[in-house]
Amino acid sequence: MEIGVYTFGEARFDPTSGAQLDARERVARLLEEIEVADRVGLDVFAVGEHHRQDFVVSSPSTILAAAAERTDRIRLSSAVTVLSSDDPVRVFQQFATLDLLSEGRAEIMAGRGSFTESFPLFGYDLADYDELFQEKLELLMALRRDEPVSWSGRHRAALTNQRVYPRPIQDPIPLWVAVGGNPPSAIRAGALGLPMALAIIGGMPERFTPFVDLYRRSLAEAGHAPCPVSINSHGFLADDREEAAELVYPSYIETMGRIGRERGWPPPTRAHFDGERGLRGAIVLGDAEAVIEKILFQHDLFGHDRFLIQLTVGPMPHDRVLRAIEILGTEVAPAVKAAVAEREAKTAD
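What you see is a predicted model, and the numbers here were worked out from it, not measured in a lab.

*Asks:* Tell me what's going on with the environment of I108, and back it up with residues and numbers.
*Replies:* Position of I108 among the secondary structure elements: in strand β5 (residues 106–111). Residue class for I108 comes out buried when judged on its relative accessible area of 1%. In the structure, I108 is positioned 16 residues away from F92 in sequence and 8.7 Å away in space, judged by C-alpha atoms. If sequence neighbours within four positions are ignored, I108 has contacts with S77, S78, T81, V91, F95, L140, I173, P174, L175 and W176.

Laid out in structure tokens, this is it:
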């Protein structure tokens, strides 16, 4: 089991002061978060892409390249690269460069995007939302696999025996498909033989077991070997579980309420929040003991290979974020890995 962190570099107005966070300071804090995650032994740090005032990361590969020079062992991933509105050739080149800088620690997590701002920004039609992702994912896979590469599609100029450089250290560079609440996306990831990152940000985790079942069935039917599954969830850690809840609640309610208003969701309540932080809810929140219990509960459901936590659903005190990363790396990760290894040994016997 790999354990790690993901973020979008949240920089929304502080819910207590009302002040907009400074982008320069938020980027500096983000790099420090990655350094601490590396130092305490976490396996992965993933940085997502958005094109809104709420977030400072529109170019994950740039942030990750800076982090590569400050870290030694942690894997550096996007979470996600919005491939539908990007150019797969540039994505490949950027992450191949990151792979060289990090000495083989780069990963791409490709997704269709949870927001839509990048489509008009880069001149794409939302009516082509799914077709764009399918076509560009196939091109990115070809770029990883073939040298030279020949490819043609509807939304990009064709490539004919084209060589694309630089080549990464990892051959092929790891590519994950991010999946939300869309069953065909899980099926597609399996049919293509790519690892799946499943986002669980609301509702009972049990509701998501069909997605993993569909994915693994699709892998098998396409003749692929088993591939890793990652569970990606909101959460936070503190030395006291109630302290963790009180720290998170204001930012979580402001962020999810604001996004909910955009999408027509009902406003979140304290009762909803408290329910989600329980064992059978989506938020992985509490002290080390509570988080260990919840990750292992979900492992019983999914048998997954990686768990990533989004610690900053909204702005959080920087020192508390660093402490959360420290608890995750020094207390949670060793306990979860030991428990999973013990389970696997018993299954093998």
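Next comes the rest of the description.
*Asks:* For the layout of surface pockets, give the residues involved together with the corresponding values.
*Replies:* Reported here for the largest pocket is a volume of approximately 930 Å³. Contributions of two or more residues to the lining of the largest pocket are made by β5, α5 (129–145), β8 (175–179), α6 (183–192), β9 (196–200), β10 (229–237) and α8 (241–263). The element contributing the most residues to the lining of the largest pocket is α8, with four residues. For the lining of the largest pocket, a count of residues per class yields 21 nonpolar, 13 polar and four charged.

*Asks:* Tell me about the side chain of R112, residues and numbers included.
*Replies:* Relative to the assigned elements, R112 resides in the loop between β5 and α4 (118–121). In contact with R112, other than residues within four places in its own chain, are V82, S84, F119, Y129, D130, F133, N182, S185 and R188.

*Asks:* Before we move on, could you go through the nonpolar core and cite the residues and values that matter?
*Replies:* Core analysis: the biggest nonpolar cluster contains 96 residues, and L42 and V332 have the highest contact counts within it. When residues in this core are grouped by element, the largest group, 11 residues, is from helix α11 (residues 318–348). Leaving out residues up to four positions away in the same chain, V332 has contacts with L237, A288, V291, I292, I295 and I327. Counting residues in hydrophobic clusters, the runner-up holds 14 residues, among them V80, M109, A197 and L308.

*Asks:* Report on empty space enclosed by the protein, specifying residues and quantitative values.
*Replies:* A full pass over the atoms with the stated rule returns three cavities of 30 Å³ or more. Here the largest cavity defines a volume of roughly 50 Å³. Along its surface, the largest cavity is lined by E49, H50, H51, V82, G113, S114, F115, T116, E117 and S118. Per-class residue counts for the lining of the largest cavity are two nonpolar, six polar and two charged.

*Asks:* Let's hear about α5: which residues, and what values?
*Replies:* When the terminal C-alpha atoms of α5 are compared, their 25 Å separation across 17 residues agrees well with the 24 Å that a helix rising 1.5 Å per residue should span. By the burial criterion, the buried members of α5 are L132, F133, E135, K136, L137, L139, L140, M141, A142, L143 and R144.

*Asks:* An account of the pattern of salt bridges is needed here, citing residue identities and associated values.
*Replies:* According to the stated counting rule, one finds 35 salt bridges in the structure shown. R306 serves as the salt-bridge partner of E107, at 2.9 Å between the closest nitrogen and oxygen. Taken together, the residues span a long stretch of sequence, with E107 in strand β5 and R306 in strand β12 (residues 306–310) at a distance of 199 residues. Of the residues examined, E107 reaches a relative accessible area of 3% and is grouped as buried. A relative accessible area of 3% places R306 in the buried class. With a closest N to O distance of 3.8 Å, R163 and E147 form a salt bridge. Of this pair, R163 sits in the loop between β7 (159–162) and β8 while E147 sits in the loop between α5 and β6 (149–151), and the two are 16 residues apart along the sequence. Salt bridges linked by common partners bring R52, D54, E117, E254, R258 and E262 together as one network.

*Asks:* Before we move on, could you go through the side chain of D287 and cite the residues and values that matter?
*Replies:* Considering the arrangement of structural elements, one finds D287 in the loop between β11 (284–286) and α10 (288–302). Within the structure, D287 has its side chain in polar contact with the side chain of R241 (distance 3.2 Å). Setting aside chain neighbours within four positions, we find D287 in contact with A238, D239, D240 and R241.

*Asks:* Any chance you could break down the pairing of strand β2 (residues 44–47) for me, citing the residues and the numbers?
*Replies:* Neither face of β2 is exposed, since V44 and A46 on one face and F45 and V47 on the opposite face are all buried. Direction of pairing for strand β1 (residues 2–7) relative to β2: parallel, over a ladder of four bridges. The residue bridging T7 from the neighbouring strand is V47, located in β2. Pairing of β2 with strand β3 (residues 75–78), which is carried by four bridges, proceeds in the parallel orientation. Of the residues in β3, the one forming a bridge with F45 is L76.

About the criteria used
Residues numbered from 1 in each chain as written. Predicted model: local features only at pLDDT ≥ 70, side-chain atom pairs only at ≥ 80, totals over all residues. Heavy atoms only, no water. Helix = DSSP H or I, 4+ residues; strand = E, 2+ residues; numbered from the N terminus. Buried < 20%, exposed > 50% of the residue type's maximum accessible area, 1.4 Å probe, protein only. Contact = heavy atoms within 4.5 Å. 1 Å grid on protein atoms, 1.4 Å probe; cavity = no way out; pocket = protein on both sides within 12 Å on 5 of 7 lines; lining within 4 Å. Points joined across faces, edges and corners; volume = space filled by probe spheres on them. Nonpolar A, V, L, I, M, F, W, Y, C, P; charged D, E, K, R; others polar. Core = buried A, V, L, I, M, F, W, Y, C linked by side-chain atoms within 4.5 Å. Expected span 1.5 Å × (residues − 1). Salt bridge = Lys/Arg side-chain N within 4 Å of Asp/Glu carboxyl O. Polar contact = N/O pair within 3.5 Å; in protein donor to acceptor, adjacent residues only side chain to side chain. Pairing = 2+ DSSP bridges.

Distances and angles like these do not, on their own, reveal function.
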